[in-house]
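The chain contents come next:
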Amino acid sequence: MNFEAFSATLSEDQPSSNLPILLKALWFDAKGDWDAAHNIAQSSEGTPAYDQIHAYLHRVEGDTWNAGYWYRRAGVPVFEGALKEEWKSLVIKHLK
């Protein structure tokens, strides 16, 4: 699956059952279901990939202090670009 194919799934009511869990989190975020996305990110705290999405989600929420905490936990720098850019970069990262 590539980015365009993933983006096309956003027209569906539910994510595909075959979609990897972190892509499901990003799918839910794109659909406006922050709670579902956050539940996935919290489900494996301490795992850098989950913590990075957790950081992004707190940025979405506007909680920059909490986002910074999760970026540090993930071991990645705070994303400096727009939220849409970060979302796309995370999707591409997890499509690999």
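Residues numbered from 1 in each chain as written. Predicted model: local features only at pLDDT ≥ 70, side-chain atom pairs only at ≥ 80, totals over all residues. Heavy atoms only, no water.

S.K.: Sorry if this is basic, but what is going on with the overall build of the protein here?
M.R.: For the protein, the count of helices and strands is 6 helices and 0 strands. In the protein, the succession of helices and strands from N to C terminus is α-α-α-α-α-α. Computed over C-alpha atoms, the radius of gyration of the protein comes to 12 Å, within 12% of the 12 Å expected from 2.2 N^0.38 for 96 residues, which places it in the range of a compact globule. Of the contacts formed within the protein by residues at least 6 apart in sequence, a portion of 41% connects residues at least 24 apart. Split by element, the accessible area of the protein, about 5,400 Å² in all, is 52% carbon and sulfur. (Helix = DSSP H or I, 4+ residues; strand = E, 2+ residues; numbered from the N terminus. Rg over C-alpha atoms; globule rule 2.2 N^0.38 Å. Contact = heavy atoms within 4.5 Å. Areas by Shrake-Rupley, 256 points an atom, 1.4 Å probe, with all protein chains shown as cover.)

S.K.: How should I be thinking about the nonpolar core in this particular structure?
M.R.: Nonpolar side chains tend toward joint burial in soluble globular proteins. One finds F6, L26, I53, W87 and V91 to be the most contacted residues of the largest nonpolar core, which totals 20 residues. Counting only elements with at least two residues in this core, the list comes to α1 (3–8), α2 (21–30), α3 (34–42), α4 (48–61) and α6 (83–95). For this core, the element with the most residues is α2, which contributes 6 residues. (Core = buried A, V, L, I, M, F, W, Y, C linked by side-chain atoms within 4.5 Å. Buried < 20%, exposed > 50% of the residue type's maximum accessible area, 1.4 Å probe, protein only.)

S.K.: Sorry, what's going on with the side chain of H94 here?
M.R.: As for its position among the elements, H94 is in helix α6. With a relative accessible area of 15%, H94 lands in the buried category. Once residues lying within four places of it in the same chain are set aside, the contact partners of H94 are L22, L23, L26, A49 and I53.

S.K.: Where do I start with the packing of aromatic side chains in this structure?
M.R.: What characterises a pair of aromatic rings is the spacing of the ring centres plus the angle enclosed by the ring planes. This structure, assessed with the given rule, holds 4 aromatic pairs. Taking 5.3 Å as the distance between ring centres and 85 degrees as the angle between the ring planes, the aromatic pair formed by W27 and F28 counts as edge-to-face. Here W27 and F28 have matching classes, each one buried. Summarising the aromatic geometry, the rings of Y69 and W70 are spaced 5.0 Å apart at their centres and angled 85 degrees between planes, so their arrangement reads as edge-to-face. The exposure class assigned to Y69 is partly exposed, which follows from its relative accessible area of 30%. The exposure class assigned to W70 is buried, which follows from its relative accessible area of 6%. Positioned above the aromatic ring of F3 is the side chain of K88, whose terminal nitrogen or guanidinium carbon lies 5.0 Å from the ring centre. (Phe/Tyr/Trp six-rings, centres within 6.5 Å; stacked < 30°, edge-to-face > 60°. Lys NZ or Arg CZ within 6 Å of the ring centre and 35° of its normal.)

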